[in-house]
Every structure is written in C-alpha cells, then in structure tokens.
Amino acid sequence: MSIDEQVLNYPIPAAAPLDPPAEWAELRGSCPVAHVRLPSGDQATLLTRYDDVKQVLADPRLTRQLSAPDAARLSADGGGVFNSEVSQIIPDSGEDHLRWRRLVGRWFTAKRMAALRPRMAQIADELIDGMLERGAPGDLRAGLGFPLPVYVICDMLGVPAEDRDRFSYWSDTLLNLTRYSRQEIEAAQTEFFAYMSGHVSAKRDQPGDDLLSELIAAGGPDEGGLSDLQILVTGMALLVAGHETTANMIGKMVSMLLADRTRWEALLADPALIRTAVEETLRLDANSGFGLPRYLPVETEVGGTVLPQGTTVICSMAAANRDESAFEAAAEMDLTRSPNPHLSFGSGAHSCLGQSLARTELQVVLEVLLRRLPDLELAVPVAELERVEGLAVGGLRTVPVRW
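Residues numbered from 1 in each chain as written. Predicted model: local features only at pLDDT ≥ 70, side-chain atom pairs only at ≥ 80, totals over all residues. Heavy atoms only, no water.

Novice: Could you give an account of the overall build of the protein chain, naming the residues involved and the relevant values?
Specialist: The number of helices and strands found in the protein chain is 14 helices and 12 strands. Computed over its C-alpha atoms, the radius of gyration of the protein chain comes to 21 Å, within 12% of the 22 Å expected for a compact globule of 403 residues. Seen through its C-alpha atoms, the protein chain measures out along the principal axes to roughly 55 × 55 × 40 Å. Sorting the 403 residues of the protein chain into buried and exposed places 55% on the buried side. For the protein chain, the share of sequence-separated contacts (at least 6 apart) that also reach a separation of at least 24 residues comes to 73%. Put simply, the protein chain shows about 16800 Å² of open surface, and 50% of that area lies on carbon and sulfur atoms. The average position of the 37 basic charges and that of the 56 acidic charges among the side chains of the protein chain differ by 3 Å. (Helix = DSSP H or I, 4+ residues; strand = E, 2+ residues; numbered from the N terminus. Rg over C-alpha atoms; globule rule 2.2 N^0.38 Å. Buried < 20%, exposed > 50% of the residue type's maximum accessible area, 1.4 Å probe, protein only. Contact = heavy atoms within 4.5 Å. Areas by Shrake-Rupley, 256 points an atom, 1.4 Å probe, with all protein chains shown as cover. Lys, Arg positive; Asp, Glu negative; His and termini not counted. Charge placed at Lys NZ, Arg CZ, Asp CG, Glu CD.)

Set out below in structure tokens:
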C-alpha cells in the first residue's frame, strides 16, 4: 500500500532521536495532504509542505480552538494541550485578539529582551555552577535546559522563587498528551488556576516590575485593557507555551550542535554565528512535537485538495522546515544560513508571541555554554539519546554531557 493510501498513526515515530521520520519526505513528495489517526483515535489531515503549512497558519478564518462538536480530539481524554474552556478566555480572532497581542506584546519588544539578557545569563551561570559542583557527567536538560526557562518566566510574572517547582509540574502536566490521566490534568489545571488567581489579586494590591502588574495597570476592558480573568489566563498560557518548548529546545539544540563536533568548534571560533546557529537548529529540529492543529469552519483548498468544513488539520512545521522547495540543501545544517524563514514559531496572526523571548534564551544559553564549557561533549552516542514521548512539544528525556 502506498503512503497516500494509508491512514498513518500520528505523531509519526522516528528511527533516531535527532532525525526526522522517513515518512515526512515521502509525504511532501507524494501525499502532502494526508490522512492521519491521532492518539484519540480521531482522524485529521496532516500537512507537510512549507507553502501549505504557511497558508493554513496564516489564514485568519481557521481557528486553533478545537471546541466544535466535529473537531478531532488530540488525546483520548480530550486533555493535555491546554485546549479547554480556560484557554478560550483569551480572544482567538478579530480586534479583541489583536488588542490582547498588543497589550502582551509590549513585554516582548527588542528593548525588553535586551534588558533581560543579563538576568538570563546570570541564571545560566548559576545553573552551570551547580552542574560543575555536581561534576561530570551531568544531565544538561535537568541541570540547565529545564530550570532556566521556568525561572525566567517566573521572574517575568513576579512569581516567588520558592514556587518555581510547582510551575514546572503544571507546565509538564498541561502539555502532556499521554503521561497523565484526565483527572491529574484537571487537578493540575485547578491548582494552577487557583494559584494564579491569588497571584493576580496580590499584584493588584502590590504591583511590581512584572508583566502581570503591567497588564493590571493598563486598566480593565472598558479602558482598553484586559479583565482579571484574561490576565490570569494570560499568565497561565505564557508558562505553558513558553516553558516546556524552550526547555526542550535547549537540550535538542546543544545535542544537535555536539552531534557533529565541527559545529561546536565553528561556534567557538566565531561566536558571531550564534544567532544564525540558533535559527538553524530551530529549523532542523525533527522532534518539535505535535505541530499546530487548526479547525476549518469553512471549506478550504490546500495544496490542490479541497478540505470540507469541519476538518481538523495538523500543521507539521518541522516537516515543512525541511521542504527542498523552500530551503536549499534543506536536510543539511548550515550555521550561516540567512535568511532563514522557518515556521518553527508559526505564521500569521497566531505566530508565537514569545518567540523573541525564546530566541533570546537560546542565544544566551549558547553564549554562556561556549564561554563556560568550551570542551562540552555528549557523554553517550547520539543514537542512545532518548526522546520523550507524549508531550505536545517534543524533547529528549536526558542530555548526558561531560566537559
């Protein structure tokens, strides 16, 4: 049976931890609009070509909310990706969505990111100090990749340091498709909601220099601002969207660069390559997770195929990022590649609001690692790295390193 006649189980497993599934290239070549079966058992349509994925992500008519009765469920119990009544409190389209992005986006300007760099570098240095104290070999994911983004987000939200571990657990639970039961997911969401409710109230009484205080200061909906509930859910969404994704990308980025030692040596010789290297690892990440779902409320033509109203589409940005029609030598890592219009952060009105934060964190981590641990290397063969299965965002279970 040819690949265009199959209903593939999705996500599609890969044979090696840092490599893409062989099916991606086959699908792009012969079946770019494919039928897949999700972990829930529901069927959806998978897109793997660059132009098709970009078209769907940029189409304002198509919604990321899978609340329609005929929308596919991603997981068996319908949970795990923060796609619930809570997530729908943030406006999904129209002027209300643009207002929300304008208000929150003020925190993610280039000037703000530049101001955050020293604090990020300090956190990275402190975490590497801990790794050095514990000695080699160490786990880069546990020692640096996982804690750094949650520490940064907690700082941005004005969350006390002693609550960071709770935030880590909530993030992991709400982004997992298979590891936790529906009861555990709902309990975590309830705990998280209760915590953030109290936290927003405290910020209203005693504002600080943080994102939530800034949103409160903008006033309520009648003054062009957000309601307390929208501010609360914005804080929750920023953690869920920004922690696990960047935490996993740190481990994958370093693993990809160390998998071929000449890449690491090139960065040591010319640190000016760090920015383009970060973009190239984002593009070549073959373990980015589920992809972005979209529900089609209207009939839509994609890649020459007419998709009926009610179709749930999964946009595989990772597969699209390896499309030879969009990138020269698409399967090769080129640390100097520029421009690099990858789709790792999405496209259009729903492109990742925190992409400047993620880019800054990845650049800072690489800068500090190259400075502090120039002899860093993987402590196991690349083939022995183990993927984390079940997360909506892909990652490696551990990243064993020595120095």
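Read on for the rest.
Novice: An account of the nonpolar core is needed here, citing residue identities and associated values.
Specialist: Within the largest apolar cluster, 84 residues are counted, with the highest numbers of intra-cluster contacts made by L144, F167 and L369. Among the elements that line this core, the one with the most residues is helix α10 (residues 228-259), at 15 residues. Excluding residues within four positions of it along the chain, L369 makes contact with I128, L140, L144, V254, W264, P374 and L376. Core analysis: the second largest hydrophobic core is formed by 21 residues, Y10, L38, A44 and F290 among them. (Core = buried A, V, L, I, M, F, W, Y, C linked by side-chain atoms within 4.5 Å.)

Novice: Report on the side chain of S213, specifying residues and quantitative values.
Specialist: The residue S213 is located in helix α9 (residues 211-217) in this model. Excluding residues that lie within four positions of it along the chain, S213 makes contacts with K203, P207 and G208.

Novice: Any details on the pairing of strand β3 (residues 43-47)? Residues and values, ideally.
Specialist: Of all 5 residues in β3, 4 are buried; the element is thus mostly enclosed. Examined bridge by bridge, strand β2 (residues 33-37) and β3 share 5 bridges and lie antiparallel to one another. Bridging from a neighbouring strand, R37 pairs with Q43 of β3. Adjacent in sequence and paired antiparallel, β2 and β3 are bridged by 5 residues, among which G41 carries a positive phi angle near 95 degrees. (Pairing = 2+ DSSP bridges.)

Novice: Could you give an account of the pattern of salt bridges, with specific residues and numbers?
Specialist: Enumeration over the complete set of coordinates arrives at 21 salt bridges. Where R73 meets D42, a salt bridge forms, and the shortest distance between an N and an O atom there is 3.1 Å. Residue R73 is found in the loop between α2 (50-58) and α3 (94-105), and its partner D42 is found in the loop between β2 and β3; the two are separated by 31 residues along the sequence. We classify D42 as partly exposed; its relative accessible area is 21%. Between R112 and E214 there is a salt bridge, with the nearest N and O atoms lying 2.8 Å from each other. Of this pair, R112 sits in helix α4 (residues 110-134) while E214 is found in helix α9, placing the two residues 102 residues apart along the sequence. Of the residues examined, R112 reaches a relative accessible area of 22% and is grouped as partly exposed. Look at E214 and you get partly exposed, because its relative accessible area is 28%. (Salt bridge = Lys/Arg side-chain N within 4 Å of Asp/Glu carboxyl O.)

Novice: Residues and numbers for the environment of T63, please.
Specialist: Along the chain, the position of T63 falls in the loop between α2 and α3. T63 sits in the buried class, given a relative accessible area of 16%. Among all residues touching T63, those that are not within four sequence positions of it are D92, P293, R294 and Y295.

Novice: So what's going on with a negative patch on the surface? Residues and values would help.
Specialist: A cluster of acidic residues, E324, E328, E332 and D334, forms a negative patch on the protein surface. Tracing the sequence through the fold places E324 in the loop between α13 (317-320) and α14 (355-372). According to the relative accessible area criterion, E324 is exposed, its value standing at 52%. (Patch = residues over 30% accessible without salt bridge, like charges linked within 9 Å, V, L, I, M, F, W, Y side chains within 5 Å.)

Novice: Describe the packing of helix α7 (residues 164-174) against α10, naming the residues involved and giving the relevant values.
Specialist: In the contact formed by α7 and α10, the axes pass within 9 Å of each other and the chain directions differ by 90 degrees. Overall, the two elements α7 and α10 adopt an arrangement that is roughly perpendicular. Along its contact with α7, which presents F167, S168, S171, D172 and L174, the element α10 presents L239, V240, H243 and E244. Taken together, the residues that form the contact of α7 with α10 break down as 4 nonpolar, 3 polar and 2 charged. (Axes fitted to C-alpha atoms, helices over the stretch in contact; angles between N-to-C directions. Parallel < 35°, antiparallel > 145°, perpendicular 65-115°, else oblique. Nonpolar A, V, L, I, M, F, W, Y, C, P; charged D, E, K, R; others polar.)

Novice: Give a detailed account of α3, specifying residues and quantitative values.
Specialist: Here α3 is 12 residues long and its end C-alpha atoms lie 16 Å apart, about the 16 Å a rise of 1.5 Å per residue gives. Buried residues along α3 sit against α9 and α10. (Expected span 1.5 Å × (residues − 1).)

Novice: Quick one: what's the story with the environment of D323, residue by residue and with numbers?
Specialist: In this structure, D323 sits in the loop between α13 and α14. Each C-alpha atom, one on D323 and one on A202, is 48 Å from the other, the two residues being 121 residues apart in sequence. Leave out the neighbours within four places in its chain, and D323 touches R28, R49, Y50 and A330. Among the polar contacts made by the side chain of D323, one reaches the main-chain amide nitrogen of Y50 at a distance of 3.0 Å. (Polar contact = N/O pair within 3.5 Å; in protein donor to acceptor, adjacent residues only side chain to side chain.)

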